[in-house]
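# Structural overview for review
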Amino acid sequence: MLAHSNTIRDVSRALPALAAAPDLEVTVSAELLDAHAKGLREWYDSLLPVIDRAGNTLAEAMKTHDSEESADPDGEGVRALEQAEAYFKDRREELLHLRDAFVGVGASPSHEVFKAVDRLDNLYMWIVATMQEVRWSVLTLDGVKDGAEAQKRRIITSPSEWVASLDDE
């Protein structure tokens, strides 16, 4: 159904905007570590429900998708998923730089700010993994459908048979 494809595309496109974090390229100082930790915890707490709903929406779209229909007929959903994945990978990179800045100002490894960074980083990793999983599910569904409609494929059982098959094409 086109509705499922549109859901995948729309959620994937909206997710980076919905999850747009405060600027992580802020001035870091030892005096502000507690404020940074609080801000990162609050950002995580605000972001988690949005991400959870988006993930559930994507999962539901995949569960209820009719396997006879193309999951992404125009490829827009897959492109949107790739863009969302790239966005969150970039955000993870920013978190790594922020972590390095905290270390650079002498923050104790046991300071709460590092737990907040790790928690947010784990959420971003989960988002990236979800985007990858949905993207591969879409590609697999469409590939299986396309493969079923394609000509019968030949199974090659030896290297010499593979070399010989190159001449057949």
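Above: the structure in question.
First, a word on scope: everything that follows refers to the structure included in this document. (Residues numbered from 1 in each chain as written. Predicted model: local features only at pLDDT ≥ 70, side-chain atom pairs only at ≥ 80, totals over all residues. Heavy atoms only, no water.)

### A word on helix α2 (residues 33–63)
Here α2 spans 43 Å end to end across 31 residues, near enough to the 45 Å set by a 1.5 Å rise per residue. Residue Leu 47 marks the point of greatest curvature in α2, where the axis turns by about 30°; the proline Pro 49 follows within four residues. (Helix = DSSP H or I, 4+ residues; strand = E, 2+ residues; numbered from the N terminus. Expected span 1.5 Å × (residues − 1). Bend = angle between axes of the 7 residues up to and from the residue.)

### Observations regarding the packing of aromatic side chains
Within this structure, the stated rule accounts for 3 aromatic pairs. Centroid distance Tyr 87 to Phe 88: 4.9 Å. Interplanar angle 85°. Geometry classified as edge-to-face. Take Phe 88: its relative accessible area is 0%, and that puts it in the buried class. With a centroid separation of 6.3 Å and 90° between ring planes, the pair formed by Phe 102 and Phe 114 is classed as edge-to-face. Remark: Phe 114 occurs in helix α4 (residues 112–149) and Phe 102 occurs in helix α3 (residues 76–104); sequence separation between them is 12 residues. Summarising the burial analysis for this pair, Phe 102 and Phe 114 share the class buried. Aromatic ring contacts, followed pair by pair, group Tyr 87, Phe 88 and Tyr 124 into a single cluster. (Phe/Tyr/Trp six-rings, centres within 6.5 Å; stacked < 30°, edge-to-face > 60°. Buried < 20%, exposed > 50% of the residue type's maximum accessible area, 1.4 Å probe, protein only.)

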